[in-house]
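# A structural walkthrough
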Amino acid sequence: MHFIDPHAHMISRTTDDYEAMAKAGVVAVIEPAFWVGQPRTNSGSYSDYLSHILGFERFRAGQFGVRHYCCIGLNSKEANNEPLAEAVMEILPAFATKESVVAIGEIGYDEQTELEDRYFRAQLELAKELELPVMIHTPHRDKKRGTSRSMDVVEEHKLDPDLVVVDHCNEETVKEVKDRGFWAGFSIYPHSKMTAERMVGILQTYGPEKLIVDSACDWGVSDPLSVPKTAALLKENGMPEEHVRMVTYSNALAIYGKSGQMNEEDWLSPAPIDQRTLYQGNSILRGGQTPNVE
Ligand SMILES: [Zn+2]
């Protein structure tokens, strides 16, 4: 079975993770631009970060047979640093129009401040102008209100909900997200509020249409194998194979494929792995290691 993990901060993960993901059937990952665990102090480090996820990280994934895509955006936490946010807004269009960018994201609210609201709206306008899908990060605190408000703002800016994924959903928010015509993402973390077990219940209640499972793996306690593990659990619980495929593969492809940047052929007939390849003179191998050459 093939899987897509449509929310994975691979820049924070190891080569072991890529190997394990490829072995488990993860053919593609989407890396949304986000904060890096501490605030960036200037737009130069933001610019280098965006180049990194679009460049070296994409190369690194490819060296393990995993196709890598990005969402480009200014995250809600750093939207609160106005001088930084202004500078980042200037550079976003140039990055958002690069190859392998499938959406503007992850954007939205954290503490639901005025500045977060301003830059969320500005980036919705950018998505509209570039005709790109949007990935919305919903806040962990005051989630229900933050989720409703995010959708209100999308509607106010006249974006098609069918082009927008509302991520980090849970039992409290999924119904409204589906009823309003948005895609609902579920980040499955180990030992946390949203688990694979609870995903079984959600799927039984709401069906597979427009639901998407992701790992949201990053530098925190998270599991890059959440998508294949959730698929296994759904199957064990008697979910039809086609429904499992929808929530762990084809729904993500359907929405992010609207960017025109993500196609099944990318992983069905990929370039063969050749770990002798260099990226700007750099290899993923260290001295004496044997390259994997397909
Ligand atoms: Zn994230």
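A few points on the structure. (Residues numbered from 1 in each chain as written. Predicted model: local features only at pLDDT ≥ 70, side-chain atom pairs only at ≥ 80, totals over all residues. Heavy atoms only, no water.)

Attention shifts here to helix α5 (residues 114–130). With 17 residues, α5 should reach 24 Å at 1.5 Å per residue; the first-to-last C-alpha distance of 25 Å fits that figure. All of the buried residues in α5 are Leu115, Glu116, Asp117, Tyr119, Phe120, Gln123, Leu124, Leu126 and Ala127. Turning to α5, the residues buried within the fold contact α4 (82–96), β4 (101–108), β5 (134–137) and α6 (143–156). (Helix = DSSP H or I, 4+ residues; strand = E, 2+ residues; numbered from the N terminus. Expected span 1.5 Å × (residues − 1). Buried < 20%, exposed > 50% of the residue type's maximum accessible area, 1.4 Å probe, protein only. Contact = heavy atoms within 4.5 Å.)

Here the focus is the sheet that holds strand β8 (residues 211–214). Pairing is parallel across the open sheet formed by eight strands, whose spatial order is β1-β2-β3-β4-β5-β6-β7-β8. Every interior strand has two partners, whereas the edge strands, β1 (3–5) and β8, have only one. Mean inter-strand twist for the sheet, computed between neighbouring axes without regard to direction, equals 25°. Where strand β2 (residues 26–32) meets strand β3 (residues 67–72), five bridges bridge the pair, whose relative direction is parallel. Residue pairing across strands places alanine 28 opposite arginine 67, the latter belonging to β3. Most of the contacts of helix α10 (residues 241–256) go to β8, to which it runs at about 110°, and overall it touches β1, β2, β4, β5, β6 (164–167), β7 (183–187) and β8. (Pairing = 2+ DSSP bridges. Axes fitted to C-alpha atoms, helices over the stretch in contact; angles between N-to-C directions.)

Moving on: the coordination of the zinc ion. Summarising the metal site, the zinc ion is bound by the protein donors His7 (NE2), His9 (NE2) and Glu106 (OE), whose distances to it range over 2.1 Å. Going along the chain, you hit the donors of the zinc ion in the pattern H-x1-H-x96-E. Of this pair, histidine 9 sits in the loop between β1 and α1 (15–24) while glutamate 106 sits in strand β4, placing them 97 residues apart in sequence. (Donors = N, O, S within 2.8 Å, 3.2 Å for Na, K, Ca; no water.)

Scanning the model with the defined rule gives 22 salt bridges in all. Where aspartate 117 meets arginine 149, a salt bridge forms, and the shortest distance between an N and an O atom there is 3.7 Å. A residue pair is termed long-range when its members are at least 10 positions apart, and aspartate 117 in helix α5 and arginine 149 in helix α6 qualify at 32 residues. Take aspartate 117: its relative accessible area is 14%, and that puts it in the buried class. Residue classification places arginine 149 among the partly exposed positions, given a relative accessible area of 24%. Of the charged contacts in the structure, one is a salt bridge between lysine 258 and aspartate 162, with a shortest N-O distance of 3.2 Å. Of the two residues, lysine 258 is situated in the loop between α10 and α11 (265–268) and aspartate 162 in the loop between α6 and β6; the sequence distance between them amounts to 96 residues. By relative accessible area, lysine 258 is classed as partly exposed at 39%. Here the residues in one salt-bridge network are Lys77, Asp110, Glu111 and Arg141, joined through shared partners. (Salt bridge = Lys/Arg side-chain N within 4 Å of Asp/Glu carboxyl O.)

With that settled, consider the environment of asparagine 42. Its place among the elements puts asparagine 42 in the loop between β2 and α2 (43–54). For asparagine 42, a relative accessible area of 39% gives the class partly exposed. Each C-alpha atom of the pair asparagine 42 and aspartate 16 lies 32 Å from the other, and the pair is 26 residues apart in sequence. In terms of polar contacts, asparagine 42 uses its side chain to reach the backbone amide nitrogen of glycine 44, at 2.9 Å. (Polar contact = N/O pair within 3.5 Å; in protein donor to acceptor, adjacent residues only side chain to side chain.)

With that settled, the discussion passes to helix α8 (residues 196–206). Inspection of α8 places Ala196, Met199, Val200, Ile202 and Leu203 among the buried residues, and these make up the whole buried set. Where α8 is buried, its residues touch α7 (174–179), β7, β8, α9 (226–236) and α10.

This part takes up the nonpolar core. By size, the foremost hydrophobic cluster in this structure holds 73 residues, and its most contacted members are Leu50, Ile72, Leu74, Phe186 and Leu211. The element that contributes the greatest number of residues to this core is α4, accounting for seven residues. Setting aside anything within four residues of it in sequence, one finds leucine 211 in contact with Val174, Lys178, Ala184, Phe186, Met199, Ile202, Leu203, Tyr206, Met246, Val247 and Asn251. Val102, Met135, Tyr256 and Met262 belong to the second largest nonpolar core, which has 19 residues in total. (Core = buried A, V, L, I, M, F, W, Y, C linked by side-chain atoms within 4.5 Å.)

Let's shift gears to the packing of α4 against α5. At a minimum axis separation of 11 Å, α4 and α5 run at an interaxial angle of 10°. In terms of orientation, α4 and α5 fall into the roughly parallel class. For the crossing formed where α4 meets α5, the hand is right-handed. The residues of α5 that touch α4, namely those facing Glu82, Ala85, Glu86, Met89, Leu92, Pro93 and Ala96, are Leu115, Arg118, Tyr119, Ala122, Gln123, Leu126 and Leu130. Residues that form the contact of α4 with α5 fall into these classes: 10 nonpolar, one polar and three charged. (Parallel < 35°, antiparallel > 145°, perpendicular 65-115°, else oblique. Left-handed = near helix turned anticlockwise from the far one by under 90°. Nonpolar A, V, L, I, M, F, W, Y, C, P; charged D, E, K, R; others polar.)

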